[in-house]
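# Fold and contact review
Here is how the chains run, residue by residue.
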Amino acid sequence: MKKIFLETYGCQMNEYDSELVRGILTKDGYVFVQEETAADIVLLNTCAIREHAHRKVFGRIHKIRHKYKQRSNGDGDSLMIGVLGCMATNLRKDLLEDKALKIDFIAGPDSYKRLPGLIREAAGIGAKAFDTTLSEFETYSDVYPSRVQGVNAWVAVMRGCNNFCTFCVVPYTRGRERSRSVANVVEEVKRLAGEGFKQVTFLGQNVNSYSGEGGDFAALLEATSKVNGIERIRFTSPNPKDFPDDLLEVMANNPKVCKHIHLPLQSGNDRMLKLMDRFYTQKEFLDLVDKIRGYYPQMALTSDIIVGFSSETDEEFSDTAKVMQAVEFDAAFIFKYSERKGTIAERKFPDDVPEEKKTARIVQLVDMQKDISLKRNEAHIGDVCNVMIEETELTRSTDKFQGRTDGNKRVIVPAGAYGRGDFVKVKIQEATPHLLKGEYFYE
Ligand code: 5AD
Ligand code: SF4
């Protein structure tokens, strides 16, 4: 039996795809190992979102080959290396042409069912095998992922993206939007409940534009919330353009749907938003935040921000800081703009903000957000929160457990007579910018 080592980069969708790949290849007779040194085949499920992500993978492939060569007395080539995921579609040519990399096969995000064939082909002919075709239909609804057992199960309910934000590579690496049917997702959620999962997180590049046979995203949340045993439903990543009232109503009123929305702002400046081809202005974004808080004042909000997009001036950048101050996100991921091959921005707008400026801007926003996150977290001190225990074996402190609130905040509690997936009431006593600490609360 051939042994495979699989390493995953990038977003949760990629984590999920790795579970699909494990499912597909296990069925074909492969076994998965925890150590790359024990493997005959190394698979890297890659990300192309920023330069940093893809540079990391190139470095990693060189290192794996080198290590293997040392171990096998010079014959580094008998180890097969396959590149999967977003870099596979985006950089196929570079990957195939780079002789030093010696990649054996490549499979894009819609080609994983062909993996057994691709591996056989590459092994048989000793040449590179690849398939990076994007599909309008592939949702893998007939593949059952081989999941890591835990409290949370990822479920991709839609794939692809039709938005074409000018900075983003995803529409090119993952193709057009397509959704699974409501019935198919409900069936999977039932099966997951049966396996003991307490939480599902619905995934999609544009998850709230889900539109499957049987309903829209609000309908999907309602339908899946009826499944016994599943206590929490989360989703990521939504787009601000797709928050109709009925979805906000479901989020506010359905106790199983977690009270957290990841709402990527990207920029707070109208000219930048237009250049990015986002579908909202600063005012529309702020109005949406007000509306969300009108439905549910305590809704946790997190965001993604890009600094230094093409031609962004100091003044335009300061609009982003202003919006972040006005909204007070619970947390925000802040990125320097990284030009990606094949995107609209690469073709139309120069990447002309100097690196030092991008760095100064990111540092400013990270500092500012840290204070905001601390303030938002401190506001919970004294609250009694409903916490689901997620980790009972923390590496750094053996006498602590970690859980999460409904709003997705990490909570550290003393170790207790509880297991993963148990719900406990916790009185919050301390806060940092990144987490809460508390004691069990008994009425
Ligand atoms: N450069 C920097 N950040 C990017 N993101 C997407 N594309 C780029 C890019 N080219 C960020 C966006 C998105 C998050 C997943 O990654 O903020 O929401
Ligand atoms: Fe990276 Fe985007 Fe692909 Fe996820 S979808 S792996 S974030 S490029």
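It should be emphasised that the depicted structure is a prediction, and the values quoted were computed from it without experimental measurement. (Residues numbered from 1 in each chain as written. Chains lettered and ligands numbered in written order. Predicted model: local features only at pLDDT ≥ 70, side-chain atom pairs only at ≥ 80, totals over all residues. Heavy atoms only, no water.)

For the pair helix H8 (residues 217-225) and helix H9 (residues 245-253), interaxial distance at closest approach is 8 Å and the crossing angle is 25°. Considered as vectors, H8 and H9 are oriented roughly parallel to each other. The interaxial crossing formed by H8 with H9 has left-handed handedness. Taken together, the residues of H9 that come into contact with H8 (itself represented by Phe217, Ala218, Leu221 and Glu222) are Asp246, Leu247 and Val250. Its residues placed into classes, the contact of H8 with H9 shows five nonpolar, no polar and two charged. (Axes fitted to C-alpha atoms, helices over the stretch in contact; angles between N-to-C directions. Helix = DSSP H or I, 4+ residues; strand = E, 2+ residues; numbered from the N terminus. Parallel < 35°, antiparallel > 145°, perpendicular 65-115°, else oblique. Left-handed = near helix turned anticlockwise from the far one by under 90°. Contact = heavy atoms within 4.5 Å. Nonpolar A, V, L, I, M, F, W, Y, C, P; charged D, E, K, R; others polar.)

Pairing geometry for strand S17 (residues 384-391) and strand S20 (residues 423-431), over five bridges, is antiparallel. The residue bridging Cys385 from the neighbouring strand is Val426, located in S20. Where S17 lies against strand S18 (residues 400-404), three bridges are found, and the strand directions are antiparallel. Counted as the bridge partner of Ile389 is Gly403 from S18. (Pairing = 2+ DSSP bridges.)

Surveying the vicinity of ligand 1 reveals the residues Ile49, Arg50, Phe167, Gln266, Asp304, Ile306, Phe335, Lys336, Tyr337, Ser338 and Arg340. A distance of 2.9 Å separates an oxygen atom of ligand 1 from a polar atom in the side chain of Arg50. One of the side-chain nitrogen or oxygen atoms of Asp304 is found 2.7 Å away from an oxygen atom of ligand 1. When the free accessible area of ligand 1 is taken as 410 Å², the share hidden by the protein chains comes to 86%. Those elements that provide at least two residues to the shell around ligand 1 are strand S15 (300-307) and strand S16 (331-336). Class assignment of the residues belonging to the shell around ligand 1 gives a composition of five nonpolar, two polar and four charged. (Near = heavy atom within 4 Å. Polar contact = N/O pair within 3.5 Å; in protein donor to acceptor, adjacent residues only side chain to side chain. Areas by Shrake-Rupley, 256 points an atom, 1.4 Å probe, with all protein chains shown as cover.)

Let us now look at the sheet that holds strand S1 (residues 3-8). Pairing within the open sheet is parallel, and its six strands lie in the order S2-S1-S3-S4-S5-S6. Two strands in the sheet have a free side with no partner beyond their single neighbour: strand S2 (31-32) and strand S6 (129-131). The pairing of strand S5 (residues 105-107) with S6 spans three bridges and is classified as parallel. Each residue of the ladder has a partner; that of Ile106, found in S6, is Phe130. Sheet strands in contact with helix H1 (residues 12-27) are S1, S2, strand S3 (41-46) and strand S4 (80-85), and its direction is about 170° off that of S1.

Applying the stated rule across the entire model yields ten aromatic pairs. The interplanar angle of 80° and the centroid separation of 5.0 Å between the aromatic rings of Phe217 and Phe235 together place this pair among those described as edge-to-face. Here Phe217 is found in helix H8, whereas its partner Phe235 is found in strand S13 (residues 232-236), with 18 residues between them in sequence. Phe217 gets classed as buried once you look at its relative accessible area, which sits at 1%. Considering the side-chain rings of Phe309 and Tyr337, the 4.8 Å spacing of their centres and the 85° angle between planes classify their relative orientation as edge-to-face. (Phe/Tyr/Trp six-rings, centres within 6.5 Å; stacked < 30°, edge-to-face > 60°. Buried < 20%, exposed > 50% of the residue type's maximum accessible area, 1.4 Å probe, protein only.)

Annotation of the protein at the domain level lists domain 1 (3-131), domain 2 (150-258), domain 3 (261-379) and domain 4 (384-440). Its C-alpha centre places domain 2 at a distance of 26 Å from the equivalent point of domain 4. Each side of the interface is counted separately: domain 2 has eight residues, and domain 4 has 13 residues. A combined buried area of about 810 Å² lies between domain 2 and domain 4, and 52% of that area is made up of carbon and sulfur atoms. Summed over the three residues of domain 2 that lose the most area to domain 4, namely Val151, Arg232 and Arg234, the buried surface amounts to 62% of that side. At the surface where domain 2 touches domain 4, the tally comes to zero salt bridges. Seen at the junction of domain 2 and domain 4, the total is five residue pairs in polar contact (both at pLDDT 80 or more). For the side of domain 2 that touches domain 4, the class distribution of residues is two nonpolar, two polar and four charged. (Domains from an automatic or database assignment. Buried area = accessible area lost by both parts, 1.4 Å probe. Salt bridge = Lys/Arg side-chain N within 4 Å of Asp/Glu carboxyl O.)

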